[in-house]
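One-letter residues, chain by chain:
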Amino acid sequence: VPLQLRLAAPASNTVVEEEKTKHIGAKLLKKGKYTLKLKAPKSTEYTVTVNTVTPILKDIPATHTYYNEIMRMYALGIITGYEDHTFKPKNVMKRHHVAAMIVRSQAPALKEVTTPFTFADVPRTHSNYMNIQKLVGSGIVDANLMGFNPEGTITRAQMAKILIKAYG
């Protein structure tokens, strides 16, 4: 579960801001007060008190069939959810979302973009323009003069091809 901390060191006014991601498994917590003990590299101990528990993705309860997988991908930064803190698990996967996920996962086949390919339907202003370029430049998706169709859904066969090309 991503944890963002703003801590004051016990013996000084120094404020430490750090973001750490550690997956420790899912645990259903009820509303209440929880205390976390953290140890810094110099054996300094911090205590963090959390007074409320807010779900990271409010439409994914701990009882959801794919809760662990979704939360793991969220913790790794592969998925981000929507601005309203939802995941919308029943929405279809769009092609540009897949491009973003493959790049965020740091797939081994990814290469730096040297010569961008111009898709008529993917302007430079598209939110996933660079992600799509990385997939094309790495040979994970084909440079297709017909377009990339970023808002289109992806078939299972297309996804299989992308996963094999991205991860071997």
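Everything below is about the structure printed above this text.
Described below are features of the structure shown in this document. Fair warning: this is a prediction, and the values are worked out from it, not measured in the lab. (Residues numbered from 1 in each chain as written. Predicted model: local features only at pLDDT ≥ 70, side-chain atom pairs only at ≥ 80, totals over all residues. Heavy atoms only, no water.)

A look at the environment of Val 113
Heads up, the rule is: For helices the rule is a DSSP run of H or I covering at least 4 residues; for strands it is a run of E covering at least 2, with both sets numbered from the N terminus onward. A contact between two residues is defined here by any heavy atoms of the two lying within 4.5 Å.
Mapped onto the secondary structure, Val 113 falls in the loop between helix 2 (95-104) and helix 3 (129-137). Along the backbone, Val 113 and Gln 133 are 20 residues apart, and their C-alpha atoms lie at a distance of 6.5 Å. Once residues within four sequence positions are removed from consideration, Val 113 is found in contact with Met 130, Gln 133 and Lys 134.

Quick word on the packing of helix 2 against helix 4 (residues 156-167)
Our working definition: Orientation is described by lines fitted to C-alpha atoms, with helices fitted over the stretch in contact, and by angles between N-to-C directions that extend from 0 to 180 degrees. Roughly parallel means an angle under 35 degrees; roughly antiparallel means over 145; roughly perpendicular covers 65 to 115; every other angle is labelled oblique. Take the far helix as the reference: if the near one is turned anticlockwise from it by less than a right angle, the crossing is left-handed, and if turned clockwise, right-handed. Three classes are used: nonpolar for Ala, Val, Leu, Ile, Met, Phe, Trp, Tyr, Cys and Pro, charged for Asp, Glu, Lys and Arg, and polar for all others, with Gly counted as polar.
Contact pair helix 2 / helix 4: the axes reach a minimum separation of 12 Å and the direction vectors enclose 20°. When the axes of helix 2 and helix 4 are compared, the pair comes out roughly parallel. For the crossing formed where helix 2 meets helix 4, the hand is right-handed. For the pair helix 2 and helix 4, contact is made by Arg 95, Val 98 and Ile 102 and by Gln 158, Met 159, Ile 162, Leu 163, Ala 166 and Tyr 167, respectively. Among the residues forming the contact of helix 2 with helix 4, the class breakdown is seven nonpolar, one polar and one charged.

Looking at the nonpolar core
Threshold: What makes a nonpolar core is a set of buried Ala, Val, Leu, Ile, Met, Phe, Trp, Tyr and Cys residues whose side-chain atoms join them at distances within 4.5 Å. Exposure categories follow from relative accessible area, calculated using a 1.4 Å probe and restricted to protein chains: below 20% of the type maximum is buried, above 50% is exposed, and the middle band is partly exposed.
One finds Ile 102, Phe 119, Leu 135 and Ile 162 to be the most contacted residues of the largest nonpolar core, which totals 18 residues. Of all the secondary structure elements, the ones that give two or more residues to this core are helix 2, helix 3 and helix 4. When sequence neighbours within four positions are dropped, the list of residues in contact with Ile 102 reads Ala 107, Leu 110, Leu 135, Ile 140, Ile 162, Leu 163, Ala 166 and Tyr 167.

Quick look at the side chain of Ser 138
So the rule is basically this: Under this definition, polar contacts are N or O atom pairs within 3.5 Å; protein pairs additionally need one hydrogen-donor-capable and one acceptor-capable atom, and for neighbouring residues in sequence, both atoms have to be side-chain atoms.
For Ser 138, the location among the structural elements is in the loop between helix 3 and helix 4. Here the side chain of Ser 138 touches Lys 111 through a polar contact of 2.7 Å, landing on its backbone nitrogen. Other than its neighbours up to four places away in sequence, Ser 138 contacts Ala 109, Leu 110 and Lys 111.

Quick look at the side chain of Arg 95
As a reminder, the rule being used: Neither His nor the chain ends is counted toward charge; the positive residues are Lys and Arg and the negative residues Asp and Glu. Every case where a carboxyl oxygen of Asp or Glu lies within 4 Å of a side-chain nitrogen of Lys or Arg is listed as a salt bridge.
Note on placement: Arg 95 falls in helix 2. No salt bridge is formed by the buried Arg 95, whose closest oppositely charged neighbour, Asp 121, lies at an N-O distance of 7.1 Å. If near-sequence neighbours (up to four positions away) are discounted, Arg 95 is found in contact with Phe 148, Asn 149, Pro 150, Gly 152, Thr 153, Ile 154 and Gln 158.

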